Amino acid sequence: MAGNDWINSYLEAILDVDTGIDDQKSSLLLRERGRFSPAQYFVEEVITGFNETDLHRSWVRASSIRNSEERNTRLENMCWRIWTLARRKKQIEGEEAQRRAKRHLEREKARREATADMSEDLSEGEKGDIVGDISAHADIAKGSMQRVSSVDTMANLVTQNKDNKLYLVLISLHGLIRGENMELGRDSDTGGQVKYVVELARALGSMPGVYRVDLLTRQVLAPDVDWTYGEPTEMLNPLNPENSMNETGESGGAYIIRIPFGPKDKYLSKEVLWPHIPEFVDGALGHILQMSKVLGKQIGIEQPLWPIAIHGHYADAGNSAALLSGALNVPMIFTGHSLGRDKLEQLLKQGRQSREEINSTYKIMRRIEAEEMTLDDAEVIITSTRQEIEEQWRLYDGFDPVLERKLRARIKRNVSCYGRFMPRMVVIPPGMEFRNVVPHDGDIDGEAEGNGDGSGTPDPPIWSEIMRFFTNPRKPMILALARPDPKKNLITLVKAFGECRPLRDLANLTLIMGNRDAIDDMSTTNSSVLLSILKLIDKYDLYGHVAYPKHHKQSDVPDIYRLAAKTKGVFINPAFIEPFGLTLIEAAARGLPIVATKNGGPVDIHRVLDNGVLVDPHNQQSIADALRKLVADKQLWARCRDNGLKNIHLFSWPEHCKTYLARVTSCKQRQPKWQTNDNAYADSESDSPGSSLRDIQDLSLSLKISLDGERNDVTSVLKGQETAVDRKNQVKSAPLKLAANESMEKPENCRFPALRMRKFILYIAVDSDSIADILSITKIIVEAAGRTDKDPQSIGFILSTSWSMSEINCLLEKAGLKSSYFDAFICNSGSEIYYPSPSPGQNSSESQYMVDSDYQSHIHYRWGGESLRNTLVRWAASVNDNVKDKREPVITELDSGSSHCYEFRVQDAALVPPFKELRKLMRIQALRCHAVYCKNGERINVIPVLASRAQALRYLHVRWGIDISNVVFFVGECGDSDYEALLGGLHKTVILKGQCNGASKIHTNRSYPLEHVVPTDDPKTVQCEKCDRDGIKATLEKLGVIKV
């Protein structure tokens, strides 16, 4: 059909089905949800296949015929409107091309700088992938799947772990997750990932050496979902109940743990879960701490059994896993399933929505940032295919395949990587359970009278539900199993089947497209695809040749595969891009040859199974030819079937778990550094709620800081010239003298930590460019809470700020505060924790502090050190060089006095790139850190990737056992660039109105708006209208912290 006729037919169809298309309020894009608009779908098709010449011909035709004025006038106007949309698509494509070109230049520049820093000449090994890629399909020529180095090596690794007691934590947040009768296809969030994580947890729980597996997800108590999703705990049945004692280990298998977070009575889509992630992290952290202690006692060790790894699935769970692994200091694993940058690229190529519109709909930039975070923190990234690494992960700032190979080669040669880190990309295909899979050799001809297996059992009900559609049910069945989603490409499949007469004569087509009650109740996109398929069935008169049942259960899926195999049919996955293709493995296990897209995971599957044909999903004729060839050639069909059955064991869950556990156990193990002695604390003479952390004498706090030295200007450490404005705000500080501490092993020096005894803790995190203002607000809060020397209460205080301990200390008493009022100080944007600890006999005016040295060790993970500093200095110099007519440097390095914080002074914040750009630069260079813009943009603190003010509180929770739900955060209306991390969570939050408004300029160039990550209508968040003693006191009374 000519292109012009194709467009004309769509335009005519628009007029036929929707006379209101010219309404000014109507939208030509698929933005509506809840009702189907065929006009919108057809316009989308015209835009996608736009040809300006053809569209112009349609306009000429419409404008020249006036015998039906209203219809042709509208058709003429429609052509122009579609032409405008198509032009907009071209404009968006051009902008994205420029963006990609700029990104390519940035990456090349960063790669050259990183290579220059790693000054050794590159060996031949660094120029290529010399460390055998741990791909499940490394040996392509033989069609076998190499695991680590060999199957024997894998067996040895598993044997070594057999006597281990491993605790694994998996996380999958969105969708509805349960162990039995999964509602796959219920919605876009309850799909293949749900099945994958449940089966992975079940399989891991059956492996030797695995003591317990927890799959953490969201507890859903909504009235429109089944009650089982509200059960806090669900035990997963082992793979083989008969041999469960031998296979599942002492824990008896794996568990689904449902953590409550977000609105309790609502089932939320994944796009709106982001504001509630901190609440999940706090709840999950509490569960893991409790379970680790219980498991430690069960296996007879004195210490908790910490997770060997925390594994996040999808971006939201990856974000959560990064925070949990950082708080616990244990390794993190990540599986993306699908990636945000790849989805963004695909949506932009369609040209239907701008980047801003996509971000508003899908919260795509928040998702991408979460995936970048996983690259910062993860030890291992597990992918299903090589394509995911080479074409999807390489789109991210934090991963460069070329630089990754160089770093890997240097690690193998035991050569310094100069503070640069890349996660290890590992290809491990999803597994499948084959114990109950029995391929049948019989065909449908021998089973006209019931079941042909001789068992006397009736045919499964789903068979009759499918067969009723067919005029001749004995023909081979072409089976497709996918949601009616545009990316699944089912429309092209139906066109290929309908336009190929020989194929229609040879076979039937079965489309299993999820479950539906009414088309009007489906989402706009899915209903559009389904209606298009129904129209194509009518157009090609495929009645009696195509089945499309409305309902099926998950337990019916194996029977559907079996029915297709008995008819000597074929399974097809024609998706435009398929990240993996688990249905291809399921079909092969039932003896079905496959026809699959050549884009994505099916390529790797086909290399191993060699059981079908790969096709171009855009080529309709290619799809029809491949199907006809397999259906018509019985010898080819039998060979593909036998190849699939012969090699399918390589995709079994045991094989998957062997590779998985080998990877996890090979990670460098990390866990909390300190050793606690609860008995010593119990024997402590000071265990009252009035005790303070100034009484703690713990072995791990090995440094005592005395501030009795000579006082100097903190500004004397500046390496640049001070301005007049800076001099007015000079802060007098004292250099911190470190002295060796006395022995902490004496019983009298072990004091019960007060933080775990506090009934409430007020966490003061109000930001400002003046430390005097911060301390002034702090004093008001302390007084409002009723804290006095003579009346020690059950309320504790923690001051959390971007300022250093020296700067805080020298103004503390001037503000009318004493260090003894506080239980802890979190300084330098979360990179240091101090505890006040005056010694007996000392003058009260001389304050002593103890630095938590274990926290320093805790956050040292992937800290770039001097290489990071050198890169930052180069960046600052480039910014200074780009500013014309400058009298003094825009950015000047300062001496923060900390080994884990590099500090820079900013002369003019308007001349400095936004913090997202600095973060991007560090990631491109494989330097893992947090760049915090603070003090209203006048300072930049660069700290370790595991450090932050929010994570410092979680560290205190893990170490001292404080109850986060009894912590009250005090923040301003805005704050430093880490402000969003302080909001949400199990703690209560008080927002002081009118405070920190000047910091809003820091957030003007964010990748995503704060509204996408800040919880709205949170009952734990209150506004304090007046920042005075009475106003704060009234707010604390409202929260139940103090009583009237």
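Predicted model only: the values in this text are computed from it and were never measured.

On to the overall build of the chain. Helix and strand counts for the chain come out as 34 helices and 30 strands. Relative to its full complement of 1044 residues, the chain shows a buried share of 59%. By sequence separation, contacts in the chain at least 24 residues apart represent 75% of the contacts at least 6 residues apart. Split by element, the accessible area of the chain, about 42400 Å² in all, is 48% carbon and sulfur.

This next bit is on the packing of helix α31 (residues 865-881) against helix α32 (residues 915-924). At a minimum axis distance of 11 Å, the contact between α31 and α32 shows a crossing angle of 130°. Judged on the interaxial angle alone, α32 and α31 are oblique. Taken as a pair, α31 and α32 cross one another with a handedness that is right-handed. Along the contact surface, α31 presents Leu868, Thr871, Leu872 and Trp875, while α32 presents Leu918, Leu921 and Met922. Considering only residue class, the contact of α31 with α32 consists of six nonpolar, one polar and no charged.

This part is about the sheet that holds strand β6 (residues 332-335). Ordered in space as β3-β4-β2-β1-β5-β6-β7-β8, the eight strands form an open sheet in which the pairing is mixed. Unpaired on one side and paired on the other, β3 (233-236) and β8 (424-427) mark the two borders of the sheet. Direction aside, neighbouring strands of the sheet carry axes that sit 25° apart on average. Contacts from helix α7 (residues 192-205) reach β1 (166-171), β2 (210-218), β3, β4 (254-259) and β5 (309-313), with the element oriented near 160° to β2. Contacting β1, β2, β5, β6, β7 (380-383) and β8, helix α25 (residues 653-666) runs over the sheet at an angle of about 105° to β1.

Among the secondary structure elements, Val890 is positioned in the loop between α31 and β24 (891-894). Along the chain, Val890 and Ala876 lie 14 residues apart, while their C-alpha atoms are 8.1 Å from each other. Every residue in contact with Val890, bar those within four places of it in the chain, is listed here: Asn880, Val883, Arg905, Val906, Gln907, Asp908, Leu911 and Val912.

In this structure, Arg218 sits in strand β2. Lacking a salt bridge, the buried Arg218 has Asp265 as its closest oppositely charged neighbour, with an N-O distance of 7.1 Å. Within the structure, the side chain of Arg218 is placed 2.8 Å from the backbone oxygen of Phe261, a separation counted as a polar contact. A polar contact of 3.0 Å, which involves the side chain of Arg218, links it to the backbone oxygen of Lys266. The residues touching Arg218, leaving out its near neighbours within four places in the chain, are Leu173, Tyr229, Arg258, Ile259, Phe261, Gly262, Pro263, Lys266, Tyr267, Leu268 and Leu273.

Attention now goes to the pattern of salt bridges. If you walk through the whole model with that rule in mind, you get 44 salt bridges. One salt bridge in this structure joins Arg923 and Asp376, with 3.0 Å as the shortest N-O distance. Pair noted here: Arg923 is in helix α32 and Asp376 is in helix α13 (residues 364-377), with a separation of 547 residues, a long-range link. Of the two residues, Arg923 and Asp376, both sit in the buried class. Through salt bridges with shared partners, a single ionic network connects Arg178, Glu183, Arg186, Asp187 and Asp226.

Mean pLDDT over the chain works out to 79, with 74% of the residues at or above the 70 mark. Contacts from residues 1-7, a stretch scored under 50 in pLDDT, to residues over four places away or in other chains number 13 contacts. Here residues 121-154 is modelled with pLDDT under 50, and outside its nearest four sequence neighbours on either side it reaches 69 contacts, counting other chains as well.

Next up on the list: helix α33 (residues 949-960). Side chains of residues three or four places apart in an α-helix project in the same direction, reflecting 3.6 residues per turn. Compared with an ideal rise of 1.5 Å per residue, which puts twelve residues at 16 Å, α33 spans 16 Å between its outermost C-alpha atoms and is within 8% of the ideal. Burial runs high along α33: twelve of the twelve residues are buried.

Our focus in this paragraph is the side chain of His606. Tracing the backbone shows His606 in helix α22 (residues 602-609). When its relative accessible area of 18% is taken as the criterion, His606 is described as buried. The contact partners of His606, leaving out residues within four places of it in the chain, are Asn611, Gly612, Val613 and Leu614.

Another point: the nonpolar core. Counting residues in each nonpolar core, the largest one holds 99 residues, and the members touching the most others are Ile171, Phe280, Ile310, Leu324, Leu328, Trp393 and Leu956. Shared between two domains, this core takes at least three residues from each, and those domains are domain 2 (162-182 + 189-239 + 250-338 + 369-427) and domain 4 (753-861 + 946-1043). Excluding its chain neighbours within four sequence positions, the residues that come into contact with Ile310 are Val169, Ile171, Ile288, Ala321, Leu324, Ser325, Leu328, Val330, Pro331, Met332 and Ile333. Counting 72 residues, the second largest nonpolar core, distinct from the first, contains Ile533, Ala547, Val557 and Tyr561.

What follows concerns the sheet that holds strand β10 (residues 508-512). Taken together, the six strands give an open sheet; going across it, the order is β11-β10-β9-β12-β13-β14, and neighbouring strands pair in parallel fashion. At either end of the open sheet lies a strand with only one pairing partner, and these are β11 (546-547) and β14 (612-615). Here four bridges tie strand β13 (residues 594-597) to β14, and the two strands are oriented parallel to one another. Bridge pairing links Ile594 to Gly612 in β14. The strands touched by helix α20 (residues 557-566) are β9 (477-481), β10 and β12 (570-573); relative to β9, the strand with the most contacts, the crossing angle is about 155°. Across the sheet, helix α21 (residues 582-589) lies against β9, β12 and β13, angled at about 175° from β12, the strand it touches most.

Once that is clear, we can look at the pairing of β13. Relative to β13, β12 runs parallel, the two being bridged by three bridges. When the sheet's bridge partners are listed, Asn573 is paired in β13 with Ala596. Of the crossover connections in this fold, the one passing from β12 over α21 to the parallel β13 is right-handed. As a crossover connection, the stretch from β13 through α22 into β14 is right-handed.

Its 17 residues place the ends of α31 25 Å apart at the C-alpha level, agreeing with the 24 Å of an ideal helix rising 1.5 Å per residue. Regarding α31, the residues found buried are Gly865, Ser867, Leu868, Arg869, Thr871, Leu872, Trp875, Ala876, Val879 and Asn880.

Before going further, it helps to spend a moment on the packing of aromatic side chains. Here the structure, examined in full by the defined rule, presents 13 aromatic pairs. Seen in terms of ring centroids, Phe469 and Tyr548 are 5.1 Å apart; in terms of plane orientation they differ by 50°. Their pairing is tilted. Of the two residues, Phe469 is situated in the loop between α16 (461-467) and β9 and Tyr548 in the loop between β11 and α20; the sequence distance between them amounts to 79 residues. No difference in accessibility class separates Phe469 from Tyr548, as the two residues are buried. Three or more aromatic residues joined by ring pairs form one cluster here, namely Phe334, Trp393 and Tyr396. In this structure, Arg218 packs its charged tip against the face of Phe261, placed 5.6 Å from the ring centre. Above the plane of the ring of Trp803 lies Lys935, whose end atom (NZ or CZ) is 3.9 Å from the centre.

Conventions used here
- Residues numbered from 1 in each chain as written.
- Predicted model: local features only at pLDDT ≥ 70, side-chain atom pairs only at ≥ 80, totals over all residues.
- Heavy atoms only, no water.
- Helix = DSSP H or I, 4+ residues; strand = E, 2+ residues; numbered from the N terminus.
- Buried < 20%, exposed > 50% of the residue type's maximum accessible area, 1.4 Å probe, protein only.
- Contact = heavy atoms within 4.5 Å.
- Areas by Shrake-Rupley, 256 points an atom, 1.4 Å probe, with all protein chains shown as cover.
- Axes fitted to C-alpha atoms, helices over the stretch in contact; angles between N-to-C directions.
- Parallel < 35°, antiparallel > 145°, perpendicular 65-115°, else oblique.
- Left-handed = near helix turned anticlockwise from the far one by under 90°.
- Nonpolar A, V, L, I, M, F, W, Y, C, P; charged D, E, K, R; others polar.
- Pairing = 2+ DSSP bridges.
- Lys, Arg positive; Asp, Glu negative; His and termini not counted.
- Salt bridge = Lys/Arg side-chain N within 4 Å of Asp/Glu carboxyl O.
- Polar contact = N/O pair within 3.5 Å; in protein donor to acceptor, adjacent residues only side chain to side chain.
- pLDDT = per-residue confidence, 0-100.
- Expected span 1.5 Å × (residues − 1).
- Core = buried A, V, L, I, M, F, W, Y, C linked by side-chain atoms within 4.5 Å.
- Domains from an automatic or database assignment.
- Right-handed = clockwise from strand over helix to strand, strands pointing away.
- Phe/Tyr/Trp six-rings, centres within 6.5 Å; stacked < 30°, edge-to-face > 60°.
- Lys NZ or Arg CZ within 6 Å of the ring centre and 35° of its normal.

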